[in-house]
Amino acid sequence: MNAQAPGYLARGRIDGDDCLVEADEPVAGLQRECGGEVPGALAIPGLLAEIGKARAAGARYATAFEAQADSEIVSARVEIFPHAGEDGTCSIGITDWQVAPAPVDSDAQAASRRLEIGRNVAELWARLDSAQCVLAVEVRASDLEPLGRRMAGALGHPWTDFVDLPGTVHEQPMHWRLLDDAEVRVAESQRTWRAMLAPVAPASAGKGGFELLLVADSALDTSTRDGDESQDSGVAAPPPPSRRIGQELSPVLRQPIARIIANAETIRTRLAGPLAEEYSNYAADIAAAGQHLLALLDDLSDLEVVESEDFDTAPDEIDLADVARRAAGILAVRAKERHIEIAGPADDVSVPAIAEFRRVLQILLNLLGNAIRYAPEGSSVRLKLSDRKGRARVSVIDEGPGLSAEQQTRVFEKFERLGRSGDGGSGLGLYISRRLARAMGGDLSVKSKPGQGASFRLDLPPNPAKRRRPAD
């Protein structure tokens, strides 16, 4: 039996370079609707995957495949015949052809996918309160670093105070729906940006605060900067090799990795059309690996900062209880996904301390993130405050597997992961957090027993000038 035998709805031929050399309707029509031509590169993803399997088998291969044609889903059954003595050429015969309307995503599903892709390509992330005032900010591009410093130095101010919104004359901040997808200009950046605003808890319509993402219309161009430096005899010497990852490689690598993640998410969520489950899973693995690489770049950049000889913090008067509540709010959604409850300090608790707000928040986000990652689903994580014995303390207490005495001595070492090989961590978070705590005149320690959870305790210098209200 071969593809020229009677009984086929349509026939076609694909050469060894995956080019659809000839095809009957409706295969030819589907090829064109998928963006290809006849003859031309085979543009039907599901059929292309099956051709590869048939070549590997080296024999007649019958299977079903799916493809999206405009607003319709085509499902068909195909028999594939690899040609003997010819390099990769295959004939195909279609024995069934069914068309159904493509499913339409709900508004909530479309918004969720848009936000997920935006998180992967954004070069500025900020957590806002319900009035769109900045609670925390993180930048991932050199031309946004001045903006990030201004926002971090004026927490509690509306994010619109720090950027320009071309063509907008209304008093700011406007309703978040009007600012979502708005064009944004940043003084120090030559690029045009788009704002993405999303409620942290969609059902609350912004009462729980917002995520702010800035997405650029183009990648950062470093060629002009590099060229200017090569011609300027007075330019500073390049950083030592130990600091080049954060200062030089990280900005260059971040954008292409973010694009890989975004494309993988597009494939995983089948935005480009139907796809077999196994290929969707492959795309999910690619996206997860990309996320791991981005997190590793962040950790390596922080590592270079805290290990540099000129590293210092900017201590200020802070309320440790307030920082703890903000950290709990930022990670509330992640905890909810794992059915973990975060028990933060009560609103009337206040523990004044002397430390750098941004660094304390970074430490608490790391401790809470670890607790959420390793604690069992359905458990709780507590944030306990105290201000006794000449120190201000916040403890992050989980119900996880706990640590042995030997593990407690190793957990703060550089690149130490305690044998965990599949959690995506770099083994740098606790090392960096302890360095930050000690740079602010405090310390980070752990108290734990196997099977009884762990308590990571951040101690900071108290602020004796402020009237303190006991936390416990």
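Everything numeric here is computed off the predicted structure, so don't read it as measured data.

## Examining the overall build of the chain
- Within the chain, the regular secondary structure consists of 13 helices and 18 strands.
- Contacts spanning at least 24 positions in sequence make up 58% of the contacts within the chain whose residues lie at least 6 apart.
- Counting only carbon and sulfur atoms, one obtains 50% of the accessible surface of the chain, whose full area is about 23900 Å².

## A closer look at helix α8 (residues 277–307)
- If you check α8, its first and last C-alpha atoms are 45 Å apart, about what 31 residues at 1.5 Å a residue would give, namely 45 Å.
- Residues of α8 that are buried: Ser-280, Ala-283, Ala-287, Gly-290, Leu-294, Leu-297, Asp-299, Leu-300, Ser-301, Leu-303, Glu-304 and Val-306.

## As for helix α2 (residues 45–57)
- Counted at 1.5 Å a residue, the expected span for α2 with its 13 residues is 18 Å, and the 19 Å between its end C-alpha atoms agrees.
- Turning to α2, its buried residues number three or more, namely Gly-46, Leu-47, Ala-49, Glu-50, Ile-51 and Ala-54.
- At the exit of α2 stands Gly-58, carrying a positive phi of roughly 70°.

## Considering the confidence of the model for the chain
- This prediction gives the chain a mean pLDDT of 81; 82% of its residues lie at or above 70.
- Low pLDDT, under 50, characterises residues 224–244; the predicted model gives this stretch 13 contacts beyond four residues in sequence or across chains.

## Topic: the pairing of strand β10 (residues 193–199)
- Taking burial as the measure, the seven residues of β10 include six buried ones, the bulk of the element.
- Bridging between strand β9 (residues 183–184) and β10 involves two bridges; their strand directions are antiparallel. Looking across to β10, one finds that Val-184 is bridged to Trp-193.
- In the sheet, β10 pairs with strand β11 (residues 210–216) via seven bridges, with the strands oriented antiparallel. Counterpart to Leu-197 in the pairing with β11 is Leu-212.

## A word on the packing of aromatic side chains
- Following the criterion strictly, the structure yields two aromatic pairs and no others.
- Residues Phe-412 and Phe-456 carry aromatic rings whose centres are separated by 6.1 Å and whose planes lie at 75° to one another, so their mutual orientation is edge-to-face. Remark: Phe-456 occurs in strand β18 (residues 454–460) and Phe-412 occurs in the loop between α12 (405–410) and α13 (429–439); sequence separation between them is 44 residues.
- Note on Phe-456: relative accessible area 12%, which makes it buried.
- In this structure, Arg-434 packs its charged tip against the face of Phe-412, placed 3.9 Å from the ring centre.

## As for the sheet that holds β9
- The strand order across the open sheet formed by five strands is β8-β7-β11-β10-β9, and the pairing between neighbours is antiparallel. Here the strands that pair on one side only, and so sit at the sheet edges, are β8 (134–139) and β9.
- Contacts between helix α4 (residues 145–152) and the sheet are confined to β7 (124–128), β8 and β11, with β8 contributing the most and set at about 160° to the helix.

## A look at the pattern of salt bridges
- Going through the model one piece at a time under the given rule, you end up with 16 salt bridges.
- Between Glu-138 and Arg-140 there is a salt bridge whose closest N-O contact spans 3.3 Å.
- We classify Glu-138 as partly exposed; its relative accessible area is 30%.
- It is possible to trace a salt-bridge network through shared partners that takes in Glu-123, Asp-143 and Arg-191.

## What to know about the environment of Ala-321
- Take Ala-321: it is sitting in helix α9 (residues 320–330).
- Residue class for Ala-321 comes out buried when judged on its relative accessible area of 0%.
- Ala-321 sits 23 residues away from Gly-344 along the chain, and the two C-alpha atoms are 8.7 Å apart.

## A look at a positive patch on the surface
- On the surface, Arg-382, Lys-384, Lys-447 and Lys-449 cluster together to form a positively charged patch.
- With respect to the helices, strands and loops of the structure, Lys-447 is situated in strand β17 (residues 443–448).
- Accessibility expressed as a relative area gives 56% for Lys-447, which makes it exposed.

## Re unusual backbone geometry
- Cis rather than trans, the peptide bond between Glu-25 and Pro-26 has omega equal to 10°.
- Residue Pro-39 is bonded to the preceding Val-38 through a cis peptide linkage, with omega at -5°.
- Structurally, the position occupied by Pro-39 is in the loop between α1 (27–33) and β3 (40–41).
- Phi is positive for Gln-132, close to 65°, though the residue is something other than glycine.
- For Gln-132, the position within the fold is in the loop between β7 and β8.

## Section: the packing of α8 against α13
- At a closest axis distance of 10 Å, the pairing of α8 and α13 adopts a crossing angle of 30°. Judged by the inter-axis angle, α8 sits roughly parallel to α13. For the element pair α8 and α13, the recorded crossing hand is left-handed. Within the contact between the two elements, α8 uses Asp-299, Asp-302, Leu-303, Val-306 and Glu-307 and α13 uses Tyr-431, Ile-432, Arg-435 and Leu-436.

## Let's talk about the side chain of Gln-408
- Inspection of the secondary structure puts Gln-408 in helix α12.
- In terms of polar contacts, Gln-408 uses its side chain to reach the backbone carbonyl oxygen of Leu-403, at 3.2 Å.
- Look past the residues within four positions of Gln-408 in its chain and what remains in contact with it is Leu-403, Val-446, Lys-447 and Ser-448.

## Some points on the pairing of β17
- Note: β17 against β18, six bridges, orientation antiparallel. Note that in β18 the partner of Ser-445 across the bridge is Arg-457.
- Adjacent in sequence and paired antiparallel, β17 and β18 are bridged by five residues, among which Gly-451 carries a positive phi angle near 80°.

## Here we look at the sheet that holds strand β16 (residues 392–397)
- Read across the open sheet, the five strands follow the order β13-β15-β16-β18-β17; overall the sheet is mixed. Each of the sheet's edge strands pairs with one partner strand only, and the pair in question is β13 (341–343) and β17. Strand-to-strand twist of the sheet, defined as the mean angle between neighbouring strand axes without regard to direction, takes the value 15°.
- Here α9 sits on the sheet and contacts β13, β15 (380–386), β16 and β18; the angle it forms with β15, its principal contact strand, is near 165°.
- Relative to β17, α13 is tilted by about 130°, and along the sheet it contacts β17 and β18.

About the thresholds
Residues numbered from 1 in each chain as written. Predicted model: local features only at pLDDT ≥ 70, side-chain atom pairs only at ≥ 80, totals over all residues. Heavy atoms only, no water. Helix = DSSP H or I, 4+ residues; strand = E, 2+ residues; numbered from the N terminus. Contact = heavy atoms within 4.5 Å. Areas by Shrake-Rupley, 256 points an atom, 1.4 Å probe, with all protein chains shown as cover. Expected span 1.5 Å × (residues − 1). Buried < 20%, exposed > 50% of the residue type's maximum accessible area, 1.4 Å probe, protein only. pLDDT = per-residue confidence, 0-100. Pairing = 2+ DSSP bridges. Phe/Tyr/Trp six-rings, centres within 6.5 Å; stacked < 30°, edge-to-face > 60°. Lys NZ or Arg CZ within 6 Å of the ring centre and 35° of its normal. Axes fitted to C-alpha atoms, helices over the stretch in contact; angles between N-to-C directions. Salt bridge = Lys/Arg side-chain N within 4 Å of Asp/Glu carboxyl O. Patch = residues over 30% accessible without salt bridge, like charges linked within 9 Å, V, L, I, M, F, W, Y side chains within 5 Å. Lys, Arg positive; Asp, Glu negative; His and termini not counted. Charge placed at Lys NZ, Arg CZ, Asp CG, Glu CD. Parallel < 35°, antiparallel > 145°, perpendicular 65-115°, else oblique. Left-handed = near helix turned anticlockwise from the far one by under 90°. Polar contact = N/O pair within 3.5 Å; in protein donor to acceptor, adjacent residues only side chain to side chain.

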